[in-house]
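As a plain string of letters, each chain reads:
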There are 2 protein chains.
Amino acid sequence: MVATNFKHRGHDHPAPISSAVVDDIVAQLARQGYRDTEPRRLVISAVAAQGRPFTAEDLCAALPCVGRATVYRGLRLLVETDQVCRVLLEDRELRYQLSHQGHHHHMLCAICGASADLIDCDVEDILRAAADRSGFRMSGHWLEVYGRCGECAD
Amino acid sequence: MVATNFKHRGHDHPAPISSAVVDDIVAQLARQGYRDTEPRRLVISAVAAQGRPFTAEDLCAALPCVGRATVYRGLRLLVETDQVCRVLLEDRELRYQLSHQGHHHHMLCAICGASADLIDCDVEDILRAAADRSGFRMSGHWLEVYGRCGECAD
DNA sequence: ACGCATACCGATAGACAGTATCAATTAAGC
DNA sequence: GCTTAATTGATACTGTCTATCGGTATGCGT
Ligand SMILES: [Mn+2]
Ligand SMILES: [Mn+2]
Ligand SMILES: [Zn+2]
Ligand SMILES: [Zn+2]
């Protein structure tokens with residue numbers, strides 16, 4: 001049986017969630033046919049507010065007023081549209097973070113959890129070449145680098 | 001409440017699981033103080049029998065006579081002692097496969113599931129250098145390459 | 001502004017992978 | 001053989017994520 005206990009939304013002209021980042025992402029989504037809804041704006045806003053890689057559960061906790069399924073769906077949509085990228089911790093825990101343009105990789109600090117983009121590093125080409133040598137045609141890859149950031153170095 | 005329904009083992013001099021690979025791995029474990037048990041040999045034997053990366057559940061299914069927890073524990077032990085390595089599929093499914101000496105990476109065929117070792121490829125050095133440039137001290141990494149093997153190429 | 005079609009939402013239940021418990025069992029050493 | 005600690009396995013449990021599905025709001029055409 002399915003619940004009929006439903007929360008009424010929008011009764012009280014809620015303050016529209018808005019900021020440069022949020023508006024930008026919402027616009028990107030609109031261009032692809034996705035609607036501009038308040039729960040979705042809340043998710044995006046919370047994503048943008050995170051300082052470092054976060055888990056889906058982090059978001060759920062930060063958005064008690066948004067349904068769990070909605071948070072997960074929103075996150076998935078943002079990943080599919082390349083607005084957010086997924087990072088994998090050493091223990092296989094999955095985290096997310098705002099994507100800063102294009103495909104790239106991250107270094108994750110095992111101490112403080114900070115992440116830094118891996119720049120000046122074209123592993124892709126090297127990997128593709130190595131794959132070729134084995135008769136493989138590379139179509140994708142997953143790469144995470146773990147270590148200590150400057151601040152957490154001993 | 002905990003079950004007291006316990007299976008009697010060893011009543012009937014079971015044929016000892018033995019083969020070159022199994023004996024070798026069991027010996028390695030013995031050297032590190034781990035006991036030589038039949039369930040453990042069964043796990044190792046099943047691991048060795050797999051032709052390509054397999055899941056923990058695959059093993060459980062292949063070993064209905066071995067407890068679920070035992071399979072997982074055995075697998076973890078083999079990973080910790082570097083006898084087996086873990087590979088990660090694009091959908092984050094975790095698989096295992098016999099390790100062929102030392103640290104290295106794999107290419108995984110998205111079609112047939114085969115894996116090939118990535119050789120002649122020292123990404124490590126490149127990654128470490130790139131990390132340095134960002135003030136990171138690299139301590140580990142996770143790398144998987146996906147594509148199509150020679151046989152599955154169109 | 002009004003109405004419609006449908007994308008979207010959220011409470012809930014369920015699927016799934018992996019782990020914690022803990023009494024019973026057994027390998028290894030003396 | 002006896003002792004002791006490692007190991008096992010049935011089971012319960014945890015945490016993450018997905019499937020359902022009736023109710024709801026958005027975007028668009030009018
Ligand atoms: Mn990224
Ligand atoms: Mn390997
Ligand atoms: Zn740090
Ligand atoms: Zn293949």
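Keep in mind the model is a prediction, meaning the values are calculated, not measured.

Enquirer: Break down the overall build of chain A for me, with residues and values.
Expert: Within chain A, the regular secondary structure consists of 5 helices and 5 strands. Ordered by position from the N terminus, the helices and strands of chain A form the series α-α-α-α-β-β-β-β-α-β. Relative to a compact globule of 154 residues, whose C-alpha radius of gyration would be 15 Å, chain A shows 19 Å and is clearly more extended. Dimensions of chain A along its principal axes, counting C-alpha atoms only, are 60 × 40 × 40 Å. Considering chain A as a whole, with its 154 residues, one finds that 40% of them fall into the buried category. Pairs at least 24 apart in sequence give 44% of the contacts found in chain A among residues at least 6 apart. By element, 49% of the accessible surface of chain A is carried by carbon and sulfur atoms, the whole surface being about 9200 Å². Of note, chain A has its 17 positive side-chain charges centred 8 Å away from the centre of its 21 negative side-chain charges.

Enquirer: I'd like to hear about unusual backbone geometry, residue by residue, with values.
Expert: All names here are of chain A. Phi is positive for aspartate 82, close to 60°, though the residue is something other than glycine. On the secondary structure map, aspartate 82 appears in the loop between helix H4 (68-80) and strand E1 (84-88). Among the residues examined, aspartate 82 registers a relative accessible area of 61% and is labelled exposed.

Enquirer: Residue-level account of helix H4 (residues 68-80) of chain B, with values.
Expert: All names here are of chain B. Taking 1.5 Å of rise per residue, the 13 residues of H4 would be expected to cover 18 Å, and the 19 Å separating its terminal C-alpha atoms lies within 8% of that figure. Burial in H4 covers these residues: Val71, Gly74, Leu75, Leu77 and Leu78. All buried residues of H4 lie within an arc of 160° about the axis, which places them on one face of the element. Residues of H4 that are exposed and point more than 90 degrees away from the buried face comprise Arg68, Arg76 and Glu80. On its buried face, H4 sits against helix H1 (20-31), helix H2 (38-49), helix H3 (56-62), strand E1 (84-88) and strand E2 (94-98). Trailing H4 by a residue or two, aspartate 82 shows a phi angle of about 65°, which is positive.

Enquirer: Tell me about the interface of chain A and chain B, residues and numbers included.
Expert: At the interface, 40 residues of chain A touch 41 residues of chain B. In total, chain A and chain B occlude about 3200 Å² of area from one another, counting both sides; carbon and sulfur atoms represent 64% of this. Counting the surface chain A buries against chain B, the share from its top three residues, Arg92, Phe136 and Trp142 of chain A, is 23%. At the surface where chain A touches chain B, the tally comes to 0 salt bridges. Applying the counting criterion to the chain A and chain B interface returns 11 residue pairs in polar contact (both at pLDDT 80 or more). Mapped onto the side of chain A that touches chain B, the elements with two or more residues apiece are E1, strand E3 (105-109), strand E4 (115-118), helix H5 (123-133) and strand E5 (137-148) of chain A. When residues in the side of chain A that touches chain B are grouped by element, the largest group, 12 residues, is from E5 of chain A. Partitioned by chemical class, the residues of the side of chain A that touches chain B number 23 nonpolar, 7 polar and 10 charged. Two strands pair when backbone bridges link them, and E5 of chain A and strand E5 (residues 137-148) of chain B are joined in this way by 11 bridges, in the antiparallel orientation.

Enquirer: If you had to explain the coordination of the manganese ion (ligand 1) to someone new, which residues and values would you point to?
Expert: All names here are of chain A. The coordination sphere of the manganese ion (ligand 1) contains the protein donors Cys85 (SG) and His106 (NE2), at a distance range of 2.6 Å. Taken together, the residues cysteine 85 in strand E1 and histidine 106 in strand E3 connect sequence positions 21 residues apart. Histidine 106 matches cysteine 85 in its accessibility class, with the two residues each being buried.

Enquirer: Before we move on, can you summarise the coordination of the zinc ion (ligand 3) with the specific residues and values?
Expert: Residues and elements named next belong to chain A. For the zinc ion (ligand 3), the protein coordination sphere consists of Cys109 (SG), Cys112 (SG), Cys149 (SG) and Cys152 (SG), at 2.2 to 2.4 Å. Seen from the zinc ion (ligand 3), its 4 donor atoms lie at angles of 102 to 117°, and the figure they make is tetrahedral. Read from N- to C-terminus, the donor residues coordinating the zinc ion (ligand 3) fall into the pattern C-x2-C-x36-C-x2-C. With cysteine 112 in the loop between E3 and E4 and cysteine 152 in the segment after E5, the pair connects residues that are 40 residues apart, well separated along the chain.

Calculation notes
- Residues numbered from 1 in each chain as written.
- Chains lettered and ligands numbered in written order.
- Predicted model: local features only at pLDDT ≥ 70, side-chain atom pairs only at ≥ 80, totals over all residues.
- Heavy atoms only, no water.
- Helix = DSSP H or I, 4+ residues; strand = E, 2+ residues; numbered from the N terminus.
- Rg over C-alpha atoms; globule rule 2.2 N^0.38 Å.
- Buried < 20%, exposed > 50% of the residue type's maximum accessible area, 1.4 Å probe, protein only.
- Contact = heavy atoms within 4.5 Å.
- Areas by Shrake-Rupley, 256 points an atom, 1.4 Å probe, with all protein chains shown as cover.
- Lys, Arg positive; Asp, Glu negative; His and termini not counted.
- Charge placed at Lys NZ, Arg CZ, Asp CG, Glu CD.
- Expected span 1.5 Å × (residues − 1).
- Arc of directions from axis to C-beta.
- Buried area = accessible area lost by both parts, 1.4 Å probe.
- Salt bridge = Lys/Arg side-chain N within 4 Å of Asp/Glu carboxyl O.
- Polar contact = N/O pair within 3.5 Å; in protein donor to acceptor, adjacent residues only side chain to side chain.
- Nonpolar A, V, L, I, M, F, W, Y, C, P; charged D, E, K, R; others polar.
- Pairing = 2+ DSSP bridges.
- Donors = N, O, S within 2.8 Å, 3.2 Å for Na, K, Ca; no water.
- Tetrahedral: all angles 85-135°; square planar, octahedral: opposite > 155°, others 65-115°.

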